[in-house]
Amino acid sequence: MMSGKKRVLLCVTGGIAVFKAAALTSKLSQSGFDVKVLMTKSAAEFVTPLTFQALSRNPVHMDTFNEKDPEKIAHIDIADWADLVIVAPATANVIGKIANGIADDMVTTTLLAVTAPVMIAPAMNVHMYAHPAVTKNMDTLRSFGYTFIEPGEGFLACGYEGKGRMEEPEVIVKEAEAFFSQQLHPQWKGRNVLVTAGPTQETIDPVRFFSNRSSGKMGYSIAEEAAKRGATVTLVSGPSSLLDPPGVTTVRVTTAEEMYDAVISRYHDQDLVIKSAAVADYRPSETFEQKVKKSNDDMTIPMERTKDILKELGERKEHQILVGFAAESEQVISYAEKKLQSKNLDMVCANSIVDPGSGFQSNTNAITLIRRDQEAQSLPLLQKKEVATKILDAADELFEERDKR
Ligand code: CTP
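No experiment lies behind these values; they were computed from the predicted model shown.

J.: Hey, could you go over the overall build of the protein chain for me, with residue numbers and the actual values?
T.: The secondary structure content of the protein chain amounts to 14 helices and 21 strands. Seen along its three principal axes, the alpha-carbon backbone of the protein chain occupies a region of about 85 × 50 × 40 Å. Burial status across the protein chain gives 51% buried among its 405 residues. The long-range fraction of contacts in the protein chain, counting pairs at least 24 apart against all pairs at least 6 apart in sequence, stands at 66%.

Below you can see the structure in the form of structure tokens.
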């Protein structure tokens, strides 16, 4: 996932959500982070330190005065070790203490000594969360530069329903990944990126439509990766069963015409547009109001061309970097090169849909990146998430070239 393991210090404080912190430890480790856990005594009332030790494969610290290594002062050593600190679950108590500089246990003493960024994921009763003292303490911490992973709404262990439930471990892991990704790719902050994904559906009658096998996975992966790097991302998606990617504004459309409107109306504000959607080239010339009944042995449906969105973007290009996709079953490179020219693109991501493991539906893809005046760059068969990072790395080079001009 990343070169050299990034070090995450997880501070676990006492609330019922400690059980979620165990899952968080496991998911952070699985995502390639080196994780160390500090617990308060009340956290250990809910889940034992042994659980966290096994999941993090590192010793768990709870007591400031239990100095295991005389060479080091544990809380300073651990504070210096961390690249990122996550407090999850964070009780009202620990939020109050750190906002006021109180250091009376291993967690709070270490937090005072930490210079790395700190993310706080609160978990508490809905009324406690709304208490002005908690709001004030959170504002104080924000002014110190701490960030909050706000709790979600839902059923709370105390029986109430509302805001106070610790955010899900998967979301917290994504926040941690985004933090490191943004450190690595600071240039993406402030870039507006529009991605299209999925198929379109062209209506025949109230129950039937023409469509294609696109799943949307490639475009969703690109949108998610761009957001992780800190860009402001809009995803215009045709019908897809995938969930909206986190941190992305997702606009759902059905037909090629709707996708055209959604993309063209946002085009001017974009720095980069990546058109990975499999837009229908034709649609029925007529849409039937009522279900078409069978009659003859054969049937013909007259079709007409849809608007070529990408071609129009190429014609209207101002400052934008424009990336298209070309799914071909033969002469992949030469057909893709033609698209680069005819649609006035900066890059084409070409793939052969007949290669095994590549293209529609699959989780993997083997593409060739084709840019102007450059040798085609063939990528091996990769997970679509990895392909997304390669496409954005190539886009980075296009930004550099553009800025030189
Ligand atoms: N595209 C588009 N609007 C359309 C059709 C395609 O924006 N109405 C975009 C796709 O999102 C993709 C690229 O154009 O980025 C694909 O190019 P296209 O020429 O449509 O590919 P094919 O449909 O495969 O074309 P051909 O029939 O010429 O092979």
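Here the narrative resumes, following the displayed structure.
J.: Which residues make up the sheet that holds strand β20 (residues 377–378), and what values go with them?
T.: If you walk across this open sheet you meet the eight strands as β12-β11-β8-β13-β16-β17-β19-β20, and the pairing is mixed. Strand pairing shows two members of the sheet lacking a second neighbour, β12 (249–252) and β20, which therefore form its edges. Note that strand β16 (residues 321–328) and strand β17 (residues 347–352) share six bridges and pair parallel. The residue of β17 that forms the bridge with Gly324 is Val348. On the sheet, helix α14 (residues 384–404) packs against β13 (272–275), β16, β17 and β19 (367–371) and is oriented at approximately 5° with respect to β19.

J.: Would you mind going over the site of the ligand in detail, with residue names and values included?
T.: If you check the shell around the ligand, you find 15 residues, and the closest are Lys275, Ala277, Asp281, Lys307 and Leu310. Interatomic distance of 3.0 Å between a side-chain N/O atom of Lys339 and an oxygen atom of the ligand. In isolation the ligand exposes 580 Å². Once the protein is present, 73% of that is buried. The site holding the ligand turns out to be the largest pocket. Elements supplying a minimum of two residues to the shell around the ligand: α12 (309–315) and β16.

J.: Describe the packing of helix α1 (residues 18–30) against helix α3 (residues 49–56), naming the residues involved and giving the relevant values.
T.: Between α1 and α3, the shortest axis-to-axis distance is 8 Å and the interhelical angle comes to 15°. With respect to their mutual orientation, α1 and α3 come out roughly parallel. Crossing angle aside, the handedness with which α1 passes α3 is right-handed. Where α1 abuts α3, its residues Val18, Ala21, Ala22, Thr25, Ser26 and Ser29 lie against Thr51, Phe52, Leu55 and Ser56. By residue class, the composition of the contact of α1 with α3 is five nonpolar, five polar and no charged.

J.: Can you break down the nonpolar core residue by residue, with the values?
T.: Residues Ile222, Val233, Leu272 and Ile391 are the most contacted members of the largest nonpolar core, which totals 33 residues. Within the residue set of this core, elements represented by two or more residues are β8 (192–197), α10 (217–228), β11 (232–237), β13, β16, β17, β19 and α14. The element that contributes the greatest number of residues to this core is α14, accounting for eight residues. Contacts of Ile391, omitting those with residues within four sequence positions, involve Met218, Ile222, Ile274, Phe325, Met347, Cys349, Ile367 and Leu369.

J.: So what about the layout of surface pockets? Which residues, and what values?
T.: Empty space within the largest pocket amounts to approximately 860 Å³. Forming the walls of the largest pocket are 39 residues, and the residues nearest its centre are Ala277, Ala278, Val279, Phe325 and Ala327. Of all the elements, β16 adds the most residues to the lining of the largest pocket, at four residues. Partitioned by chemical class, the residues of the lining of the largest pocket number 16 nonpolar, 13 polar and 10 charged.

J.: Describe the pattern of salt bridges, naming the residues involved and giving the relevant values.
T.: Inspection of the entire model under this criterion finds 26 salt bridges. Between Glu257 and Lys307 there is a salt bridge, with its nearest N and O atoms 2.7 Å apart. Linking Glu257 in helix α11 (residues 256–264) with Lys307 in the loop between β15 (303–305) and α12, this pair joins segments that are 50 residues apart in sequence. The exposure class assigned to Lys307 is partly exposed, which follows from its relative accessible area of 36%. Among the salt bridges present, the one from Arg402 reaches Asp403, with a minimum N-O distance of 3.4 Å. Three or more residues joined by partner-sharing salt bridges are found here, namely Glu177, Glu225, Lys228, Arg229 and Asp393.

J.: Would you mind going over the sheet that holds strand β2 (residues 34–39) in detail, with residue names and values included?
T.: Read across the open sheet, the five strands follow the order β2-β1-β3-β4-β5; overall the sheet is parallel. Across the chains shown, the open sheet's two edge strands, defined by having one partner strand only, are β2 and β5 (147–148). The sheet contact formed by strand β1 (residues 7–12) and strand β3 (residues 84–90) spans four bridges and is parallel. Paired with Leu10 across the bridge in β3 is Ile86.

About the criteria used
Residues numbered from 1 in each chain as written. Predicted model: local features only at pLDDT ≥ 70, side-chain atom pairs only at ≥ 80, totals over all residues. Heavy atoms only, no water. Helix = DSSP H or I, 4+ residues; strand = E, 2+ residues; numbered from the N terminus. Buried < 20%, exposed > 50% of the residue type's maximum accessible area, 1.4 Å probe, protein only. Contact = heavy atoms within 4.5 Å. Pairing = 2+ DSSP bridges. Axes fitted to C-alpha atoms, helices over the stretch in contact; angles between N-to-C directions. Near = heavy atom within 4 Å. Polar contact = N/O pair within 3.5 Å; in protein donor to acceptor, adjacent residues only side chain to side chain. Areas by Shrake-Rupley, 256 points an atom, 1.4 Å probe, with all protein chains shown as cover. 1 Å grid on protein atoms, 1.4 Å probe; cavity = no way out; pocket = protein on both sides within 12 Å on 5 of 7 lines; lining within 4 Å. Sits in = over half its atoms within 2 Å of the grid points. Parallel < 35°, antiparallel > 145°, perpendicular 65-115°, else oblique. Left-handed = near helix turned anticlockwise from the far one by under 90°. Nonpolar A, V, L, I, M, F, W, Y, C, P; charged D, E, K, R; others polar. Core = buried A, V, L, I, M, F, W, Y, C linked by side-chain atoms within 4.5 Å. Points joined across faces, edges and corners; volume = space filled by probe spheres on them. Salt bridge = Lys/Arg side-chain N within 4 Å of Asp/Glu carboxyl O.

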